[in-house]
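Residue strings, one per chain:
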Amino acid sequence: MSSDGYSLKFVADKLGVGQAIVKRWLERAIGPSKMAERKNGQWHLTERDLRVLEQLASRGAGKRSAAHRYKVVSLFSGIGGFDLGFEDAGLDVVFQCEANAFCRTLLQKHWPSTPLSTDIKELTGAEIPASDVWVAGFPCQDVSLARMGQRDGLRGRQSGLFYEFARLVGEVRPGIIVLENVHGLLSSHKGRDFGIVLGTLAELGYSVGWRTLNSKDFGVPQSRRRVYIVGCHRDWRGPSSILFEPECSERNDPPRGPDGKKALSPFKESIGDPSGEGPVVQSIAYCLYACSARHTGTDWSRTYVQYPKIGKVRRLIPSECEGVMAFPPGWTIPPAGPFARSEDLDSLRYHALGNAVTPPVARWLGERVKLYLDSRRQAESATGKAKVTLQTSAG
């Protein structure tokens, strides 16, 4: 403890959670206004802060033994959707890489002590710390169905950065990799680009599985289909055990009425009183793209806030988009500096959110990865004990 108090990293290490989680717990305990005061200066936590946070951790909020804390490397980090979800699942983010300056500002705000690289093309495997899993939402612009005109696919300047990711994987060979991209990757160049991704990982020694997940099935108020690819080095059982649950679960489809009519589409269900002053918004938003929240036309595939009584509609504002993406309130508000004063701040926030991974999906994946790593650890421990027993018997 310094004369100014405890550092964020010290408290996070002591509690066995990530720095972003410590900040969210503290905001819950002291309130947003006092948190804003903390954000204006260096993060120094008092003895009272530490006691409050220890109480929250003791309630089962994620405290873990330091000996069993798995480490995550995050590439193409964006605003930290993968990172936030995996930390919520009980893993530690130990390294990040992001080219976008605005996104880096947010990463530094939420993970001030985590090493942050700015260019994956200049990064080498030797610079990346040891870890158990790599996560990466490599750029989707050149494979996205939202892109007007011909898609460049993996030949494009942005999505082609997948090859830089593959280069680093080849240098380090992490045990697990988790990739995210838009559903359009499956059809880009008639499926050839997706085949290249799978083939490249297979050549590097990875058994690979993939699954399309929709954020609305994880409590997110948005229909957002994304393809998630899991690779496990030299373990063909790993991807399926992570991506698919062995147990059956109850369906969450709304029940049909007694007359047998099909349940109403969630896109047609609304929140708010259509006969009142408003606002009224559909219960499940359409997919939020990097540019969709700025859209001001009448495209049916955009989500608008309506005021029926006065006949007006408006677009979602950035704070509402944070909710639609299931990020904590204020996540994309930058600290004091050039971006906070920028006239384009709303556009920067819209763009960053539209490209992000939704944290609840990432958390589910993190939990599945953690279960897999725990099972591997237990199996290796049992094998080691069996070898010791055999050696003792032979002696």
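About the cut-offs
Residues numbered from 1 in each chain as written. Predicted model: local features only at pLDDT ≥ 70, side-chain atom pairs only at ≥ 80, totals over all residues. Heavy atoms only, no water. Helix = DSSP H or I, 4+ residues; strand = E, 2+ residues; numbered from the N terminus. Contact = heavy atoms within 4.5 Å. Areas by Shrake-Rupley, 256 points an atom, 1.4 Å probe, with all protein chains shown as cover. Salt bridge = Lys/Arg side-chain N within 4 Å of Asp/Glu carboxyl O. Phe/Tyr/Trp six-rings, centres within 6.5 Å; stacked < 30°, edge-to-face > 60°. Buried < 20%, exposed > 50% of the residue type's maximum accessible area, 1.4 Å probe, protein only. Axes fitted to C-alpha atoms, helices over the stretch in contact; angles between N-to-C directions. Parallel < 35°, antiparallel > 145°, perpendicular 65-115°, else oblique. Left-handed = near helix turned anticlockwise from the far one by under 90°. Pairing = 2+ DSSP bridges. Core = buried A, V, L, I, M, F, W, Y, C linked by side-chain atoms within 4.5 Å. Polar contact = N/O pair within 3.5 Å; in protein donor to acceptor, adjacent residues only side chain to side chain.

To continue, consider the overall build of the chain. In terms of helices and strands, the chain carries twelve helices and 13 strands. Pairs at least 24 apart in sequence give 66% of the contacts found in the chain among residues at least 6 apart. Accessible surface, the chain as shown: approximately 20200 Å² in total, 52% of it carbon and sulfur.

What follows covers the pattern of salt bridges. On inspection of all chains with the given rule, the structure shows 15 salt bridges. Across the salt bridge formed by Asp 92 and Arg 69, the nearest N and O atoms sit 2.8 Å from each other. Taken together, the residues Asp 92 in strand S4 (residues 92-97) and Arg 69 in the loop between helix H4 (47-58) and strand S3 (71-75) connect sequence positions 23 residues apart.

Structurally, the position occupied by Arg 226 is in strand S9 (residues 225-233). Residues Arg 226 and Val 182, 44 residues apart in the sequence, show an inter-C-alpha distance of 4.8 Å. In this structure, Arg 226 is in contact with Glu 180, Asn 181, Val 182, His 183, Arg 211, Thr 212, Leu 213 and Cys 287, ignoring residues within four places of it in sequence.

With respect to the helices, strands and loops of the structure, Arg 349 is situated in helix H11 (residues 345-354). Aside from chain neighbours lying at most four places away, what touches Arg 349 is Phe 102, Pro 318, Ser 319, Glu 322, Thr 332 and Ile 333.

Evaluated as defined, the whole model comprises twelve aromatic pairs. Each ring, one from Trp 111 and one from Trp 331, has its centre 5.7 Å from the other, and the planes form 75°; the classification is edge-to-face. In this pair, Trp 111 sits in the loop between helix H6 (101-110) and strand S5 (116-117) while Trp 331 sits in the loop between helix H10 (318-324) and H11, placing the two residues 220 residues apart along the sequence. Across the pair, Trp 331 and Trp 111 agree in class, each one buried. Through a chain of ring-to-ring contacts, three or more aromatic side chains come together here, namely Trp 134, Phe 138, Phe 162, Tyr 163 and Phe 165.

As a packed pair, helix H1 (residues 8-15) and H4 sit with axes 11 Å apart at the nearest point and diverge in direction by 30°. Comparing their axes, H4 and H1 come out roughly parallel. Here H1 runs over H4; the crossing is right-handed. Every residue of H4 that contacts H1 at Val 11, Lys 14 and Leu 15 is listed here: Leu 50, Leu 53, Glu 54 and Ala 57.

The next point concerns the sheet that holds strand S8 (residues 206-214). Strand order in the open sheet made by the seven strands is S5-S4-S3-S6-S7-S9-S8, with mixed pairing throughout. Of all the strands in the sheet, the pair left with one neighbour each is S5 and S8. Here seven bridges tie strand S7 (residues 176-182) to S9, and the two strands are oriented antiparallel to one another. Along S9, the bridge assignment pairs Leu 179 with Ile 229. Here helix H8 (residues 192-203) sits on the sheet in contact with S7, S8 and S9, set at roughly 145° to S8.

Once that is clear, we can look at unusual backbone geometry. Despite not being glycine, Arg 234 has its phi angle at roughly 60°, a positive value. Note that Arg 234 resides in the loop between S9 and helix H9 (238-243). We note that Ala 326 has phi near 65°; this positive angle belongs to a residue other than glycine. By secondary structure assignment, the location of Ala 326 is in the loop between H10 and H11.

Next up on the list: the nonpolar core. Phe 86, Ile 176, Val 178 and Leu 365 are the most contacted members of the largest nonpolar core, which totals 48 residues. Among residues more than four places away in sequence, those in contact with Phe 86 are Val 72, Leu 91, Val 133, Val 135, Val 178, Ala 362, Leu 365, Gly 366 and Val 369.

Counting buried positions along H6 gives eight out of ten residues, so the element sits mostly inside the fold. Of the positions making up H6, those classed as buried are Phe 102, Cys 103, Arg 104, Thr 105, Leu 106, Leu 107, Lys 109 and His 110. Residue Asn 100 occupies the N-cap position of H6, its side-chain oxygen lying 3.0 Å from the main-chain nitrogen of Phe 102.

A regular strand places its side chains so that they alternate between the two faces of the sheet. Across four bridges, strand S12 (residues 304-307) lies against strand S13 (residues 312-315) in antiparallel orientation. Looking at the pairing, Val 305 lines up with Arg 314 of S13. The hairpin formed by S12 and S13 contains four residues between the paired strands, and Gly 311 there has a positive phi angle of roughly 70°.

What follows deals with the environment of Cys 103. Looking at where Cys 103 falls in the secondary structure, it is placed in helix H6. Taking the C-alpha atoms as reference, Cys 103 lies 9.0 Å from Pro 334; in sequence the two are 231 residues apart. If sequence neighbours within four positions are ignored, Cys 103 has contacts with Gly 78, Ile 79, Glu 98 and Ala 352.

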